[in-house]
Amino acid sequence: MKRLLTSQFALSGLFVKLMLSFLSIILLLASFNLFSHLYLSGKVYQEVVRQNEQALKQTVEGYENHFRLTQNMILALTQSDTWTANLGILSHLNENRRYDVVNEVKSDLMTLYGNPFLHIENFILYFKTEDYVLEKEGLSSTSDMFGKYYSSQEYTADFWRNQTMDNQYLKVMPAASFTETTMSSTRPLGRLMPVLIKAIPYEEVYGLVMLNPQRLEKAYGDAGKNPFYIMDAQDRLLFTTAETKLPALKYAGNTSAHERIGDQYYFYEKGAQTGFTYVRVTEVAAIATGLRGMRLLLAVLLTASVLVSLLFSFLFSFRLNQPLQRLVAALDRTAGSGPGKRSSVKEFAIIGDRLSSILENNQFIQNDLDHKNSLVRQYAYTHKVKNIPLNAKLGDLEEALHSEQPYASILFKLSFTGIPEEPEKHTLALWQLVQRLFTGGEGESVVLQPEQDLLLLLLFNPGPQSGILQVLGTLQELLAEEPSLYLTIAVSPVYSGETPFTDAYHNLTVLLKERRLNRETQIIVEPRASSAKAFHRKVTNGDELHNLLQSGSEEAVFGWVERQLEQLRNKDATAEDFRTFARGVVEQTGKTVMKQNLPELEAGLLSALSGEPFAALYSTVQYREWLSGLLTPVLAAIRNGSEIRDPVISFVLEYLDKHYGEDINLSVVADKLNLTSGYLSSIFKEKTGINFSEYLNTLRIERAKELLLNIDLRIQDIALQVGYQNVNSFIRTFKRSSGLTPGEYRKRYDQKHSTNTGTYDHE
């Protein structure tokens, strides 16, 4: 007994070393915690003040630099001789009617509001004497601009008419809420900060810059986490993120300081250039109260933790030492020869010698088995999903495939917006990201890769579907920052264990076809209603495109293609619907090529559908370009053949192309050829596949669409230029052809052009 106690409590014994180690750790942690608290509690107020002063200083520098940059860019613009001359012309627009300089001035304005770093919503030139304004949308009266398009209770049209600059060059005004009011709706424009600028050298011409204060605060402030105020040199509130009024402060001069009023600290600093005062509010009273409670709580917890740690350290060391002593005795009896190199703790020296090789061999075997079992289970799941019978030797795995557990399945399809370098590397990194997002939950997951661009994820006991969609939403946000690739994600409901994996996989492949045409990552849970399928079955099986192709007219054919794509988009068609439409166009074109006996083009049409020609197409613009490249050589070949075979049709097409704006009809053209109108009508229909009047109307409407892009032309003038003496007749024909009135077509083009400037097309 005496020898056993001596062995346990020897200086080299496990018990003594464990106990001393625990005591050292307890003492070190207790000392560190006590010192850290005593030191940091005295520094917390200084740190809060320093951080807020530094943050406010950076905010002030950002705002001051932004105001200076805006002023410098406007000064650089006003120093241009061309700019000064154009403003002089526009100052007397009612007299000289020089509307040709409007677009040039608008282009100059775009250099300012088009700069994303200036955060300018609009740059408005106000011609006070003429009482009109010029901005990015064009010319408007002062009453319409500030009563409809930029309406505000604080800044009415009369307010701007009464404004003067005196000797000032730039005047920043308080932010206010603006709205856009039309006949059918009212759209809020948010809070904007007007900046009035004198358009040197003209006294009655002003520039009105509409700054977005929210984006400025997001760029230079703390995104609304703390209340923030901007006061001008006359203590007038220019902008604030708080709803409460700023109390009276004692700030003076250009120095920065802070004050405590109630439970809040007010940090303020004056801008060196503008003279504005910037104020940030921070609550610190709660921190002081928390620190006092923290000191008391830490003292109690520290005392209790030291006492409890001492007690448990003794008990743990004693309980751990007892079985180890018995194990050492047993090993000594069976070891045979003595151990080799020993540890400083004699018990560990004996155990280490005996068990190290056993543990190494066991770890190697375990890792190898885990790897092989994982591969075998993946093999079995893949066969079960694809409904392939398992080999007889693997048949026992059927019972291990979670046959009775509820599960959900997710199918990911990867698409690239272009041809990336090392696509395998991108694919592997994305699949690893997906697996990391879904690991660590309560249920088990299995990952399969049926195809190179497909990943199937099986989640067992997944919980509600809302949890899965939340994780997928996180993945969608991550991929929104990666423009080179996107995912289509099909999500199943939570199935019972009785639903076969094959049915779930089939349902997911059907859901993938519900993808809409854009380059965003889409999460599809159920089919969405679409009437486009019946539409493009009618398009691809009809003879309309065949007839237009036989005419050889690019305007008619591409106008038809544009209308079909527009109708598919309006009908909320899926990406698969667009592919089906494009395939139908290729098939109809192939029939036309065969009928026209153009064998040199047949091989190109056959190869157009080989592989995956539409895999990288994600917008109607790309489909339009792809179809244009396909149809252009076909139309050229058909026109060449038509010109060689029939000079009468060539003369008619050329004559219509030159004289479509005149008052012409079938009889006029027939007289030119000394033919009867009936004979010319029949031969034109036979050779081109389209009626004479239908072809003439199509030609005129396509020319009218080009003229409508010029907003300076009136619709009445356009009607006369394309051959319609009656404007009502022109409007009816235009709407019957394109589905829109000329005014609606012009408005839609303006909206589409402004939306797509500098961005991808997401039609």
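Up top is the structure these notes are about.
Reading the values: the criteria
Residues numbered from 1 in each chain as written. Predicted model: local features only at pLDDT ≥ 70, side-chain atom pairs only at ≥ 80, totals over all residues. Heavy atoms only, no water. Pairing = 2+ DSSP bridges. Helix = DSSP H or I, 4+ residues; strand = E, 2+ residues; numbered from the N terminus. Axes fitted to C-alpha atoms, helices over the stretch in contact; angles between N-to-C directions. Contact = heavy atoms within 4.5 Å. Patch = residues over 30% accessible without salt bridge, like charges linked within 9 Å, V, L, I, M, F, W, Y side chains within 5 Å. Areas by Shrake-Rupley, 256 points an atom, 1.4 Å probe, with all protein chains shown as cover. Salt bridge = Lys/Arg side-chain N within 4 Å of Asp/Glu carboxyl O. Buried < 20%, exposed > 50% of the residue type's maximum accessible area, 1.4 Å probe, protein only.

A. The arrangement of the sheet that holds strand β14 (residues 444-448) in detail. The strand order β14-β15-β13-β16-β17 describes an open sheet built from 5 strands, whose pairing is mixed. Pairing within the sheet leaves two strands with one partner each, and these edge strands are β14 and β17 (522-524). In this sheet, neighbouring strand axes are inclined to one another by 20° on average, regardless of whether the strands run parallel or antiparallel. By the bridge criterion, 5 bridges tie β14 to strand β15 (residues 454-460) in an arrangement that is antiparallel. Residue pairing across strands places Ser 445 opposite Leu 459, the latter belonging to β15. Across the face of the sheet, helix α11 (residues 423-438) comes into contact with β13 (407-416), β14, β15 and β16 (485-491) while running at roughly 155° to β13. Against the sheet, helix α13 (residues 501-512) engages β13, β15, β16 and β17, with an angle of about 40° to β13.

B. Inspection of the sheet that holds strand β12 (residues 277-283) at higher detail. Pairing in this open sheet of 5 strands is antiparallel, and the strands run β9-β8-β12-β11-β10 from one edge to the other. The open sheet has two edge strands, β9 (237-240) and β10 (257-261), and neither has a second partner. If you compare each strand with its neighbour and ignore which way they point, the axes differ by 20° on average. Strand direction decides the pairing type here: β10 and strand β11 (residues 264-270), joined by 5 bridges, are antiparallel. Each bridged residue has a counterpart across the sheet, and for His 258 the counterpart in β11 is Phe 267.

C. Just a nonpolar patch on the surface, in detail. Together, Val 308, Leu 311, Phe 312, Phe 314 and Leu 315 line one region of the surface with nonpolar side chains, adding up to about 480 Å² of accessible area. Structurally, the position occupied by Phe 312 is in helix α9 (residues 285-334).

D. Examining the pattern of salt bridges more closely. With the rule as written, the count across this model stands at 19 salt bridges. For the salt bridge of Arg 98 with Asp 100, the shortest nitrogen-to-oxygen distance reads 2.8 Å. Glu 576 is the salt-bridge partner of Arg 583, the closest N and O atoms lying 3.9 Å from each other. Taking relative accessible area as the criterion, Arg 583 reaches 30% and is therefore assigned partly exposed. A network of salt bridges, in which partner residues are shared, links Asp 131, Asp 158 and Arg 161.

E. Layout of the environment of Lys 591. Mapped onto the elements of the fold, Lys 591 is located in helix α17 (residues 575-595). Sequence-wise, Lys 591 and His 546 are 45 residues apart; in three dimensions their C-alpha atoms are separated by 7.8 Å.

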